[in-house]
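Reading the structure
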Amino acid sequence: MMFRNDIQGIRGLAFLLVFIFHLNYNWLPGGFIGVDIFFVISGFLMTSIIIDQKDHFTFNFYDFYLKRLKRIFPAYLFFITAVTSVGFFIYLDRDFRTFQKSVGASVLFISNLLFSRGDSYFGARLEDNPFLHTWSLSIEMQFYLLLPLILVFTKRKYLPALILLLIAVLTVYTDISMYIKNETSAKYFSLPARIPEFMIGAFYSLVLKNKINFDRIGNNIFAFLNLAVLILSAFLIDKNTFFPGSLAIIPTAATANLLVANNNFISDFFSKKISVYLGELSYSLYLWHWPIIAFIRYYNDGYFLSIREIIFTCVMTFLLAWLSYCFIENYFRKKNNSVFYLYVVLGSVLLAPLTFLLPKVAEINKIPDVYTSPSFGLNSHNQKKIETFGDKNSKKNKILLIGDSHALSIKPFLNYIGQRNHFSFTSVTTDGLPALKGIKRSEISSFGMKFYDSSQQFAEFTDQNVHKNKIILINCSSFISPISIYHTVEKMVLSLQPDQKLILFSTFPSVDLDPVKMNRDYIKKTSRKFKVKINEGNRAALKKLAASYKNVHFYDLSKSKVFKDAPFYKDTLIYYNRSHINVYGSISLAKDLEGDFMSFFKPFIIH
């Protein structure tokens, strides 16, 4: 296929859209459609290449796949190795496992599958992961495995119809998954959901390649309107939109129209030297821009970059991209296959010890788990297991704790007080949401869907244990978000036996920044000021519920003086992230509130 400068220019536009979006999504809410532009271009070009070779009986599967690897993998392997090396100096020990999994999944081009599962509930967020953007390269490589099979083994006359059928079926499937099942996050990273975008490029390559041609004025109007649609999409679509799916057809069709429009001033602009050069660098620019942004966000535990950080990101992105393009991408384009194979073997040999051995070295600076992660009561968390806490020999044992990770966080609190005051309790706790029947799936965000599905698997187990106990303790991050939690708890109250009591905890406060990231030790070092936030709406709702029913009672954990200087107490870390107290914090809370809590709780266990 003849090289086209204007396509390089469109690649450059695609990168700029993504780059601006990643710097600050408020500037260009739909800038992520730049990835979709890349997909359309890939489908268009790869189809053109394969069909041309098929027509001339020169297509070879081995050569096709090898050329794709030689184009993508050399810079990609260097990028992964470099980012992995830097990551061990920036990432905390508690997040190394997530980091390692990201490295492995990225090397194998399956990171989209890893990231489709969502954030680790207790670990680093996706927006802090320096390999997050590799999901699109994983999908691209996966698509390259499929495309030749479709194009080579299908007769030419049936190909357009087959491609349209794939676009229609997979788009409908994606829409159903997002609109009905609320699987927006999972579908965003899904190969089947993205195949229609590649296939739109493939269809245009087969049917409309260089065939949309009016006079010069008509071509100008056509190209301008499609570019306008593309730019407007970048402003009007946002991260809360159901995307991809049917909505993705708008920017992808506009991109495909630009690829087949002849003789127009938009193509002329994209063929200019600056546009073309930006397009030539676009792959390396895409590789390097995100880890710089992600590392800054991870280290600062914040989304927004300062002006200085933005300038630094821009300069480093273009510098690293230029070096990668000149000395890796271009170098391997000119080298034979044996040099490429040697590079892959040597690079893999270097990457393996980096991935598996450096975490061991980093353990020298490891902060003990009791300060940085949930480390107590995990055998009865997200598991259908009964675990007994407190005074295990006590006969005052008909006590059950249920809830989400906030309930997990107060297990050491209740265990300490139970041991000293001779009562025991069991628990059923789950990540994200309490395991209760009646919480509405429709109220759950796309991010929270996996936690909802997981917790609901334990809902029947929770019911069984509620019926076996006399005192039910509930703690969760919020009883009013989603609001169906509140209504579910109220229904539980109505189902309780007369001799059963329900105690609602108003949970501990949260802080505005991850203290482990800010302090990087369990003894206070940082001078950073933290904002302590109490969910007043949640507390008011619990008080109202307790006042409405005789067998419902309310206890406020946030009143403790332990939280006066949160996230520290006596210059020691008591939180392991923004919204969870650690084991030390939970025991410190117990020591402070023991007398007050037992004055409240003793009448129930005596009775």
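Structure report, in brief. Every chain begins its residue count from 1, and numbering advances along the sequence as written. For this predicted model, a pLDDT threshold of at least 70 governs which residues receive local features, and a threshold of 80 or more governs which side-chain atom pairs are given and counted, while totals over whole chains, interfaces and linings are taken from all residues. Side-chain measures were taken over the full set of non-hydrogen atoms in the model, leaving aside hydrogen atoms and water.

What follows covers the overall build of the protein chain. Helix and strand counts for the protein chain come out as 24 helices and 12 strands. Only protein chains enter the accessibility calculation, which uses a 1.4 Å probe. A residue is then buried if its area is under 20% of the maximum for its type, exposed if over 50%, and partly exposed in between. Counting across all 607 residues of the protein chain, residues that qualify as buried make up 58%. By sequence separation, contacts in the protein chain at least 24 residues apart represent 80% of the contacts at least 6 residues apart. Every accessible area reported is derived by Shrake-Rupley at a probe size of 1.4 Å, with residue values counting cover from the shown protein chains alone. A total of about 26,700 Å² of accessible surface is found on the protein chain, and carbon and sulfur atoms cover 62% of it. Charged residues are defined here as Lys and Arg on the positive side and Asp and Glu on the negative side; His and the ends of the chain fall outside this count. Throughout, a charge is located at the NZ atom of Lys, the CZ atom of Arg, the CG atom of Asp or the CD atom of Glu. Side chains of the protein chain give 66 positive and 43 negative charges; the mean places of these two sets differ by 2 Å. Each helix is a run of H or I in the DSSP string that is no shorter than four residues. Each strand is a run of E no shorter than two, and both are numbered from the N terminus. Contact between two residues is taken to exist if any of their heavy atoms lie within 4.5 Å; hydrogens are not considered.

A separate point is helix H3 (residues 61-90). Here the expected length of a helix is defined as 1.5 Å per residue gap, with one fewer gap than residues. For H3, built from 30 residues, the straight-helix expectation of 44 Å at 1.5 Å per residue is met to within 8% by its first-to-last C-alpha distance of 41 Å. Here the bend at a residue means the angle between the axes of two seven-residue stretches, the one that ends at it and the one that starts at it. Approximately 40° is the largest bend angle found in H3, and it occurs at Phe73, with the proline Pro74 only one to four residues beyond. Its side-chain oxygen placed 2.9 Å from the backbone nitrogen of Tyr62, Asn60 serves as the N-cap of H3. Side-chain atoms alone can form a polar contact between residues adjacent in sequence; in general such a contact is a pair of N or O atoms within 3.5 Å, and within protein one must be able to donate a hydrogen while the other accepts it.

Moving on, we come to the packing of helix H2 (residues 33-55) against helix H6 (residues 134-153). Interaxial angle, 0 to 180 degrees, is taken between N-to-C directions of lines fitted to C-alpha atoms, where a helix line uses only the stretch in contact. Relative orientation of the contacting elements H2 and H6 amounts to 30°, with a least axis distance of 10 Å. In terms of orientation, H2 and H6 fall into the roughly parallel class. Crossing of H2 against H6: the hand is right-handed. In contact with Val35, Phe39, Ser42, Met46, Thr47, Ile50, Ile51 and Lys54 of H2, H6 contributes Trp135, Ser136, Ile139, Glu140, Tyr144, Leu147, Pro148, Leu151 and Val152. Angles below 35 degrees are treated as roughly parallel, those above 145 as roughly antiparallel, those between 65 and 115 as roughly perpendicular, and all remaining angles as oblique. Note on convention: near helix rotated counterclockwise from far helix by under a right angle means a left-handed crossing. Clockwise means right-handed.

This next bit is on the sheet that holds strand E4 (residues 471-475). Note on pairing: two strands pair once DSSP finds at least 2 bridges between them. The 6 strands lie next to each other as E1-E3-E2-E4-E5-E8, forming an open sheet whose pairing is mixed. One side of each edge strand has no neighbouring strand; the edge strands of this open sheet are strand E1 (389-390) and strand E8 (552-556).

In this section: the environment of Lys396. One can find Lys396 in the loop between E1 and strand E2 (399-403). The exposure class of Lys396 is partly exposed, given its relative accessible area of 36%. What Lys396 contacts, discounting residues up to four positions off in sequence, is His422, Phe423, Ser424 and Ile605.

Below, the discussion takes up helix H21 (residues 484-495). The end-to-end C-alpha separation of H21 is 16 Å, in line with the 16 Å expected for 12 residues at 1.5 Å each. Along H21, the positions that sit buried rather than exposed are Ser484, Ile485, Tyr486, Thr488, Val489, Met492 and Val493. In the core, the buried residues of H21 are packed alongside E2, E4, strand E5 (501-506), helix H23 (536-548) and E8.

Turning our attention to the packing of aromatic side chains. Only the six-membered ring of Trp is used, alongside the rings of Phe and Tyr, when aromatic pairs are assigned; centres must lie within 6.5 Å, and planes under 30 degrees apart are stacked while those over 60 apart are edge-to-face, with the rest tilted. Within this structure, the stated rule accounts for 56 aromatic pairs. Note on Phe59 and Phe64: the rings are 5.9 Å apart at their centroids and 45° apart in plane angle, and the pair reads as tilted. The buried category is assigned to Phe59, whose relative accessible area is 16%. Here Tyr76 and Phe109 contribute two aromatic rings whose centre-to-centre distance is 4.8 Å and whose plane-to-plane angle is 15°, an arrangement assigned as stacked. Remark: Phe109 occurs in the loop between helix H4 (96-107) and helix H5 (111-115) and Tyr76 occurs in helix H3; sequence separation between them is 33 residues. One aromatic cluster is present, built from ring pairs that chain together Phe73, Tyr76, Phe78, Phe79, Phe88, Tyr91, Phe96, Phe99, Phe109, Phe131, Trp288 and Tyr298. We call a charge positioned over a ring when the NZ of a Lys or the CZ of an Arg lies within 6 Å of the ring centre and within 35 degrees of the ring normal. Against the face of Tyr188 rests Arg194, its NZ or CZ located 4.5 Å from the ring centre. In this structure, Arg297 is placed above the aromatic ring of Tyr303, and the distance from its NZ or CZ to the ring centre is 3.9 Å.

Let us look at a positive patch on the surface. Taken together, the side chains of Arg97, Lys101, Arg117 and Lys450 present a region of like positive charge at the surface. Relative to the assigned elements, Arg97 resides in helix H4. Like charges are joined within 9 Å and nonpolar side chains (Val, Leu, Ile, Met, Phe, Trp, Tyr) within 5 Å, but only among residues with over 30% relative accessible area and no salt bridge; these make up the patches. Just to be clear on terms, a salt bridge is a Lys or Arg side-chain nitrogen sitting within 4 Å of an Asp or Glu carboxyl oxygen.

Our next topic: the nonpolar core. Here, nonpolar core refers to any group of buried Ala, Val, Leu, Ile, Met, Phe, Trp, Tyr and Cys residues whose side-chain atoms link them within 4.5 Å. Tyr76, Phe413, Phe597 and Phe601 are the most contacted members of the largest nonpolar core, which totals 156 residues. Once you skip the residues sitting within four places of it in the chain, Phe601 turns out to touch Ile399, Phe423, Ile471, Leu473 and Ile503. Membership of the second largest hydrophobic core comes to 29 residues, among which are Val466, Leu504, Leu542 and Phe554.

What follows concerns the pattern of salt bridges. Under the criterion given, the structure shown has 24 salt bridges. Notably, a salt bridge pairs Lys187 with Glu183, separated by 3.4 Å at the nearest N-O pair. Classification of Lys187 as buried rests on a relative accessible area of 7%. Note that Lys470 and Asp499 form a salt bridge whose closest N and O atoms lie 2.5 Å from each other. On the criterion of sequence distance, the pair formed by Lys470 in the loop between helix H20 (459-468) and E4 and Asp499 in the loop between H21 and E5 is long-range, its members being 29 residues apart. On the accessibility criterion, Lys470 (39% relative accessible area) is partly exposed. Under the relative-accessibility criterion, Asp499 is labelled partly exposed at 41%. Overlapping salt bridges, with partners in common, bring together Asp128, Asp301, Lys517 and Arg578 in one network.

Of the volumes computed, that of the second largest pocket is approximately 970 Å³. Forming the walls of the second largest pocket are 36 residues, and the residues nearest its centre are Arg11, Leu45, Met46, Arg68 and Arg71. Mapped onto the lining of the second largest pocket, the elements with two or more residues apiece are helix H1 (5-23), H2, H3, H6, helix H13 (273-300) and helix H14 (307-333). Among the elements that line the lining of the second largest pocket, the one with the most residues is H2, at 9 residues. Each residue gets one label: Ala, Val, Leu, Ile, Met, Phe, Trp, Tyr, Cys and Pro are nonpolar, Asp, Glu, Lys and Arg are charged, and the others, such as Gly, are polar. Classifying every residue of the lining of the second largest pocket by side-chain character gives 18 nonpolar, 8 polar and 10 charged. Grid points spaced at 1 Å and placed over the protein atoms alone form the basis of the search, with a cavity being a set where a 1.4 Å probe fits but cannot get out and a pocket an open set showing protein on both sides within 12 Å along at least five of seven lines. Lining residues have an atom within 4 Å of a point. Grid points are joined across faces, edges and corners, and a volume is the space filled by probe spheres set on the points.

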